[in-house]
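Each chain, written out:
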Amino acid sequence: MGGGGRTPPAILCCSIPSSSSPAAGADASSSPAMPVAPPVVRKRKRYRKPYPGEVKGITEEMRFVAMRLRNIKGKYTHKNKTASDSDSDEGESQSSEEGEGAGEGNEGESETWMPSMEGFVKYLVASKLVFNTVERILDKSDDVSYTHFRKTGLERSEALEKDLQWLAEHHGIEIPKPSNQGVVYAQYLEHIAEGSAPLFLSHLYNIYFSHIAGGQVIATQVCDKLLEGEVLEFLQWEGDAQELLKGLREKVNMLGEHWSRDEKNRCLKETSKCFKYMGQIVRLIIL
């Protein structure tokens, strides 16, 4: 044929498998599945068991400590009570909260409990030193916490001063210097007042509480035996003593809301110390 042109070479086509090809699909289906992590199981949060009386405030916690104090032949013990015993404890707390070294907690011992005028005066002198120390610390301290407890109506040192003067003038009694029991406790109060307001305030509350709850009863009985029923200024209040104590309790509880659990626990330990010191002073009546 004229022109005799060459026939173009055949074009070679390369087939490229697509993603939808059977081979590709086979590879995808044969790949191993990713493992699924098990669900996270959250541990149930465990809450701290509240202390007895904690819901009502730190003074109620201290009251439970006082209720467990028992006097066995003049020695203090801590007796753990079950919940079923708590009701009977409350009824006994008044007679045991000051740890009466005079044996007031046992009716069988009441006949042998014979106070002496000399011992009673020592008790009044030691009590005056303790109350005077508490009141002076509150008046002189720069700690803001202490300002809430000035002039509460519970103050006793002035009344005790009048009683001691009356005993000296009308009964010719020589007023002694404070005994070691009062001096040691007064020094301890000054020590903790400088280091920790919560600890000092736990003593403050328990001193007044123990006097109103149990100390008045003992002192009144002594006055009946030794002073023919003469009522001392120490045992008289301008207003209702329980209401005054209630006001003190509310203030301590208010401040206690800002104390750490560790501080509160230390206050509970100081409660036991307070009743120990106060019990030693009470027992001066029969020494």
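Residues numbered from 1 in each chain as written. Predicted model: local features only at pLDDT ≥ 70, side-chain atom pairs only at ≥ 80, totals over all residues. Heavy atoms only, no water.

- Looking at an unreviewed UniProt entry, one finds the protein named Inactive heme oxygenase 2, chloroplastic and attributed to Linum trigynum.
- Its UniProt record gives the protein the following Subcellular location (unreviewed entry) comment, quoted word for word: "Plastid, Chloroplast".
- The protein has a UniProt comment under Sequence similarities (unreviewed entry) that states "Belongs to the heme oxygenase family." (UniProt positions renumbered as here; feature names shortened; annotations may be inferred.)

### Section: the overall build of the protein
Phase 1 of the analysis: On a plain count of helices and strands, the protein comes out with 9 helices and 2 strands.
Phase 2 of the analysis: When the accessible surface of the protein is split by element, carbon and sulfur atoms take 52% of a total near 17800 Å². (Helix = DSSP H or I, 4+ residues; strand = E, 2+ residues; numbered from the N terminus. Areas by Shrake-Rupley, 256 points an atom, 1.4 Å probe, with all protein chains shown as cover.)

### Some words on helix H5 (residues 157–171)
Phase 1 of the analysis: The end-to-end C-alpha distance of H5, which contains 15 residues, comes to 21 Å, matching closely the 21 Å that a straight helix rising 1.5 Å per residue would cover.
Phase 2 of the analysis: Of the surrounding elements, those touching the buried residues of H5 are helix H4 (117–140).
Phase 3 of the analysis: Looking one or two residues beyond H5, the residue adopting positive phi is Gly-172, at roughly 60 degrees. (Expected span 1.5 Å × (residues − 1). Contact = heavy atoms within 4.5 Å.)

### Quick look at the packing of helix H6 (residues 180–195) against helix H7 (residues 197–226)
Phase 1 of the analysis: Closest axis-to-axis distance for the H6/H7 pair is 6 Å, and the angle between their directions is 140 degrees. Taken together, the axis directions place H6 and H7 in an arrangement best described as oblique. Judged by residue contacts, Tyr-185, Tyr-188, Leu-189, Ile-192, Ala-193 and Gly-195 of H6 engage Ala-197, Leu-199, Phe-200, His-203 and Ile-207 from H7.
Phase 2 of the analysis: In the contact of H6 with H7, the residues fall into 9 nonpolar, 2 polar and no charged. (Axes fitted to C-alpha atoms, helices over the stretch in contact; angles between N-to-C directions. Parallel < 35°, antiparallel > 145°, perpendicular 65-115°, else oblique. Nonpolar A, V, L, I, M, F, W, Y, C, P; charged D, E, K, R; others polar.)

### Section: the environment of Glu-155
Phase 1 of the analysis: Along the chain, Glu-155 falls in the loop between H4 and H5.
Phase 2 of the analysis: With relative accessibility at 26%, the residue Glu-155 sits in the partly exposed group.
Phase 3 of the analysis: In this view, Glu-155 contacts Glu-135, Phe-149, Arg-150 and Tyr-208; residues no more than four positions away in its chain are not counted.
Phase 4 of the analysis: Only 2.9 Å separates the side chain of Glu-155 from the backbone nitrogen of Thr-152, close enough to count as a polar contact.
Phase 5 of the analysis: Polar side-chain contacts of Glu-155 include one of 2.9 Å to the backbone nitrogen of Gly-153. (Buried < 20%, exposed > 50% of the residue type's maximum accessible area, 1.4 Å probe, protein only. Polar contact = N/O pair within 3.5 Å; in protein donor to acceptor, adjacent residues only side chain to side chain.)

### Observations concerning the packing of helix H2 (residues 58–67) against H7
Phase 1 of the analysis: Contact pair H2 / H7: the axes reach a minimum separation of 11 Å and the direction vectors enclose 60 degrees. Judged by the angle between their axes, H2 and H7 are oblique. Of the two elements, H2 crosses H7, and the hand of that crossing is right-handed. Seen from H2, the contacting residues are Thr-59, Met-62 and Arg-63; seen from H7, they are Ser-202, Tyr-205, Asn-206 and Phe-209.
Phase 2 of the analysis: In terms of residue class, the contact of H2 with H7 is built from 3 nonpolar, 3 polar and 1 charged. (Left-handed = near helix turned anticlockwise from the far one by under 90°.)

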